[in-house]
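Fold and geometry: a report
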Amino acid sequence: MEKKNAKAKLHIRKGDTVKVLAGDDRGKTGKVLEVVREKSRAIVEGINIVTKHTKPSAGKPEGGIKKTEAGVHISNLQLVDPATGKTTRVGRKLDSKGKLQRYSKKTGEIIK
């Protein structure tokens, strides 16, 4: 049974370079700006651009149309290995100090 307040363990972190596997932006790569663990989504730079319409207000009297990035589900993203530049699966293993480290399944190198 699943815990109520359990945080999902994700293979992607803020600052990682990822490749989009599915959707309109399939094949594109970008840097992760933010990860929303509760929804298993990530906001990636230049990916899944949506248009937001803003109403004129006292603070912004001109209003207008603004383009911004929307979230992409984590399952549609794959990490790009910093060493080789190719996509890889991510594993976790304990280091000598007992801390979990992410590593590339293709090369076996630790991902910073």
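Residues numbered from 1 in each chain as written. Predicted model: local features only at pLDDT ≥ 70, side-chain atom pairs only at ≥ 80, totals over all residues. Heavy atoms only, no water.

What follows deals with the UniProt feature "domain: KOW" (unreviewed entry) in the chain. Here, the residues flagged by UniProt with the feature "domain: KOW" (unreviewed entry) are residues 11-38. Across residues 11-38, helical content stands at 0% and strand content at 43%; the span's end C-alpha atoms are separated by 14 Å. (UniProt positions renumbered as here; feature names shortened; annotations may be inferred. Helix = DSSP H or I, 4+ residues; strand = E, 2+ residues; numbered from the N terminus.)

Residue position: Ser104 is located in strand 9 (residues 100-104). Side-chain polar atoms of Ser104 contact the side chain of Asp81, separated by 3.1 Å. For Ser104, the contacting residues outside a window of four places in its chain are Asp81, Thr88, Arg89, Glu109 and Ile111. (Polar contact = N/O pair within 3.5 Å; in protein donor to acceptor, adjacent residues only side chain to side chain. Contact = heavy atoms within 4.5 Å.)

Attention shifts here to the sheet that holds strand 1 (residues 17-20). Within the open sheet, the five strands sit side by side as 6-3-2-1-7. Their pairing is antiparallel. A single partner strand is all that each edge strand has here, and the edge strands are strand 6 (71-73) and strand 7 (77-79). For this sheet the average axis-to-axis angle between neighbouring strands, irrespective of direction, equals 55°. Across three bridges, the pairing between strand 1 and strand 2 (residues 29-36) is antiparallel. Looking across to strand 2, one finds that Val18 is bridged to Gly30. (Pairing = 2+ DSSP bridges. Axes fitted to C-alpha atoms, helices over the stretch in contact; angles between N-to-C directions.)

Picture a little ball the size of a water molecule; that probe, rolled over the atoms, points out where space is still empty. Its boundaries defined by the atoms lining it, the largest pocket holds a volume of some 220 Å³. Surrounding the largest pocket, Ala8, Lys9, Leu10, Ile12, Arg13, Val35, Arg37, Arg92, Leu100, Gln101 and Arg102 form its lining. The element best represented in the lining of the largest pocket is strand 9, accounting for three residues. Looking at side-chain class alone, the lining of the largest pocket contains five nonpolar, one polar and five charged residues. Among the domains, domain 1 (8-80) and domain 2 (83-111) are the pair contributing at least three residues each to the lining of the largest pocket. (1 Å grid on protein atoms, 1.4 Å probe; cavity = no way out; pocket = protein on both sides within 12 Å on 5 of 7 lines; lining within 4 Å. Points joined across faces, edges and corners; volume = space filled by probe spheres on them. Nonpolar A, V, L, I, M, F, W, Y, C, P; charged D, E, K, R; others polar. Domains from an automatic or database assignment.)

Below, the discussion takes up the pairing of strand 8 (residues 90-94). Pairing of strand 8 with strand 9 involves five bridges; the strand directions are antiparallel. By the bridge assignment for strand 9, Val90 is matched with Ser104. In textbook terms, the turn of a hairpin is the stretch between consecutive antiparallel strands, and for strand 8 and strand 9 this stretch comprises five residues, one of which, Gly98, has a positive phi near 85°.

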